[in-house]
Amino acid sequence: MSLRLPSAPHSIQKGTPLKHVLGEEAVDCLAHNVVQAYPAFDAGHFRAQALAGLEPLGIMERGHKLAQDLWQHLPPHFGQAWAVLQRSLTPIHTETEDLGLAVFFYLPHTLWVARYGLDAAYNGGQDPFVTAMQAQYELTQRFTAEFSIRPFLQQEPQRTLAQLALWIHDPSPHVRRLCSEGSRPRLPWGMRLQALVRDPSPTLPLLEALKDDPSLYVRRSVANHLGDIAKDHPELLFALCERWLADSNPERRWLLRHALRYHAKKGDPKALALRAAAKG
């Protein structure tokens, strides 16, 4: 099976909006890959529908549009449709840095899971949760599922947090990072998780388990997650930093300095003192 990704620059280019990563070539690749896995897929009709009205849309709007267009051309059952999409996926990424922008090709796939993987009505009346989690597990190793996991944390918090608690031990750093990044209360570009803004305690066990992760990719996410918490609960962060400073290594101290930067920039004495202690 010959599967492909669209060409894309390594990073955002001045004067070239990110939305163009999901342009005509991406639509062509999407149609090509899906028809390899599902010969009944009407690639021509899908392509015409996907390109209609695409140009004025931003990157996230394009992702949502292509997700809806995909749904209309796949089997009308979430589990069966995911089986098609899963067969159309290019290989997972083993590296964590310098992946470039081509990975945004999978933004529509993740938004498709978020839209159709929460409601049994889209799955023949059967609970789609397990399949939706499997889908995000696969997709986060090719792009990220940090946006698509958030509706599940909002609507199915206990089940989703239980799944993340299993994934913190996964061999893939992409999966482990999802546990922290996807559950950030104030993730940029993502829906705000108001319940976790009010009370971040449900995610603290995840961060505790990941604070000394061997991957900087994961530890950076933990630091950013703590930075989110600090905006609403600074004293909670300060207490956690004091505890984590005990017997800390250089990697953890870097994480703590990164987590404290918001309040340190504002001149908060406690944040400045903790950052100074974390330099030792």
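For the structure itself, look to the data block above.
Report on the accompanying structure. (Residues numbered from 1 in each chain as written. Predicted model: local features only at pLDDT ≥ 70, side-chain atom pairs only at ≥ 80, totals over all residues. Heavy atoms only, no water.)

A look at the overall build of the protein chain
Here comes step 1: Per the secondary structure count, the protein chain includes 16 helices and zero strands.
Here comes step 2: Referenced to the eigenvectors of the C-alpha coordinate spread, the extents of the protein chain come out at roughly 60 × 45 × 30 Å.
Here comes step 3: Looking at the protein chain as a whole, 53% of its 280 residues are labelled buried.
Here comes step 4: Within the protein chain, residue pairs in contact and separated by at least 24 positions form 70% of the contacts whose partners lie at least 6 positions apart.
Here comes step 5: For the protein chain, the accessible surface area stands at approximately 12,500 Å², while carbon and sulfur atoms represent 53% of it.
Here comes step 6: Of the side chains in the protein chain, 31 bear a positive and 28 a negative charge, and the two mean positions are spaced by 5 Å. (Helix = DSSP H or I, 4+ residues; strand = E, 2+ residues; numbered from the N terminus. Buried < 20%, exposed > 50% of the residue type's maximum accessible area, 1.4 Å probe, protein only. Contact = heavy atoms within 4.5 Å. Areas by Shrake-Rupley, 256 points an atom, 1.4 Å probe, with all protein chains shown as cover. Lys, Arg positive; Asp, Glu negative; His and termini not counted. Charge placed at Lys NZ, Arg CZ, Asp CG, Glu CD.)

Here we look at helix α13 (residues 234–245)
Here comes step 1: Between its first and last C-alpha atoms α13 spans 16 Å; for 12 residues at 1.5 Å apiece the expected length is 16 Å, and the two agree.
Here comes step 2: Within the span of α13, buried status applies to Leu237, Phe238, Leu240, Cys241, Trp244 and Leu245. Buried residues along α13 cover an arc of 165° about the axis, so they all sit on one side.
Here comes step 3: Following α13 by one or two positions, aspartate 247 has its phi on the positive side, about 55°. (Expected span 1.5 Å × (residues − 1). Arc of directions from axis to C-beta.)

Concerning the nonpolar core
Here comes step 1: Grouped together as the largest cluster of nonpolar side chains are 81 residues, with contacts concentrated most on Leu70, Leu74, Phe104, Trp112 and Leu226.
Here comes step 2: Take this core: its biggest share by element is seven residues, from helix α1 (residues 24–37). (Core = buried A, V, L, I, M, F, W, Y, C linked by side-chain atoms within 4.5 Å.)

Here we look at the packing of helix α12 (residues 216–232) against α13
The axes of two packed helices give the description: the angle between them and the distance between them.
Here comes step 1: At a closest axis distance of 6 Å, the pairing of α12 and α13 adopts a crossing angle of 140°. Regarding the angle of α12 to α13, the classification is oblique. On α13, the residues touching Val222, Leu226, Ile229, Ala230 and Asp232 of α12 are Pro234, Leu236, Leu237, Leu240 and Trp244.
Here comes step 2: Considering only residue class, the contact of α12 with α13 consists of nine nonpolar, no polar and one charged. (Axes fitted to C-alpha atoms, helices over the stretch in contact; angles between N-to-C directions. Parallel < 35°, antiparallel > 145°, perpendicular 65-115°, else oblique. Nonpolar A, V, L, I, M, F, W, Y, C, P; charged D, E, K, R; others polar.)

Notes on the packing of aromatic side chains
Centre distance and the angle of the planes are the two values used to describe a pair of aromatic rings.
Here comes step 1: The final tally for this structure, using the stated rule, is 13 aromatic pairs.
Here comes step 2: A ring pair is formed by phenylalanine 41 and phenylalanine 46, whose centres lie 5.3 Å apart and whose planes are at 50°; its orientation type is tilted. Here phenylalanine 41 matches phenylalanine 46 in class, with each residue buried.
Here comes step 3: Considering the side-chain rings of phenylalanine 104 and tryptophan 189, the 6.4 Å spacing of their centres and the 55° angle between planes classify their relative orientation as tilted. On the criterion of sequence distance, the pair formed by phenylalanine 104 in the loop between α4 (78–87) and α5 (107–116) and tryptophan 189 in the loop between α9 (173–181) and α10 (194–198) is long-range, its members being 85 residues apart. (Phe/Tyr/Trp six-rings, centres within 6.5 Å; stacked < 30°, edge-to-face > 60°.)

Re the pattern of salt bridges
Here comes step 1: Tallying each qualifying case throughout the model produces 18 salt bridges.
Here comes step 2: In this structure, the salt-bridge partner of aspartate 28 is arginine 47, at a minimum N-O distance of 2.4 Å. Taken together, the residues aspartate 28 in helix α1 and arginine 47 in helix α2 (residues 43–51) connect sequence positions 19 residues apart.
Here comes step 3: Judged by its relative accessible area of 29%, arginine 47 is partly exposed. (Salt bridge = Lys/Arg side-chain N within 4 Å of Asp/Glu carboxyl O.)

A closer look at the packing of α13 against helix α14 (residues 250–259)
Here comes step 1: For the pair α13 and α14, interaxial distance at closest approach is 10 Å and the crossing angle is 165°. Taken together, the axes of α13 and α14 lie roughly antiparallel to each other. With respect to the hand of their crossing, α13 and α14 are arranged in left-handed fashion. Only Arg252, Arg253, Leu255, Leu256 and Ala259 of α14 make contact with α13, whose side of the interface consists of Leu237, Cys241, Trp244 and Leu245.
Here comes step 2: When grouped by side-chain class, the residues that make up the contact of α13 with α14 number seven nonpolar, no polar and two charged. (Left-handed = near helix turned anticlockwise from the far one by under 90°.)

Details of α1
Here comes step 1: Relative to the 20 Å expected for 14 residues at 1.5 Å per residue, α1 spans 20 Å between its end C-alpha atoms, a close match to the ideal helical length.
Here comes step 2: Those residues of α1 that fall on the buried side of the exposure criterion are Ala26, Val27, Cys29, Leu30, Ala31, His32, Asn33, Val34 and Ala37.
Here comes step 3: Looking at the buried side of α1, the elements it contacts are α2, α3 (59–71), α4 and α5.

Some thoughts on the environment of alanine 43
Here comes step 1: Residue placement: alanine 43 occurs in helix α2.
Here comes step 2: Linking alanine 43 and asparagine 33, residues 10 residues apart in sequence, is a C-alpha distance of 9.7 Å.

Points about the environment of arginine 62
Here comes step 1: Positionally, arginine 62 belongs in helix α3.
Here comes step 2: For arginine 62, a relative accessible area of 1% corresponds to the buried category.
Here comes step 3: A sequence separation of 158 residues divides arginine 62 from arginine 220, and the C-alpha atoms of the two residues are 28 Å apart.
Here comes step 4: The contacts of arginine 62, once residues within four sequence positions are left out, are Lys19, His20, Leu22, Gly23, Leu54, Glu55 and Leu57.

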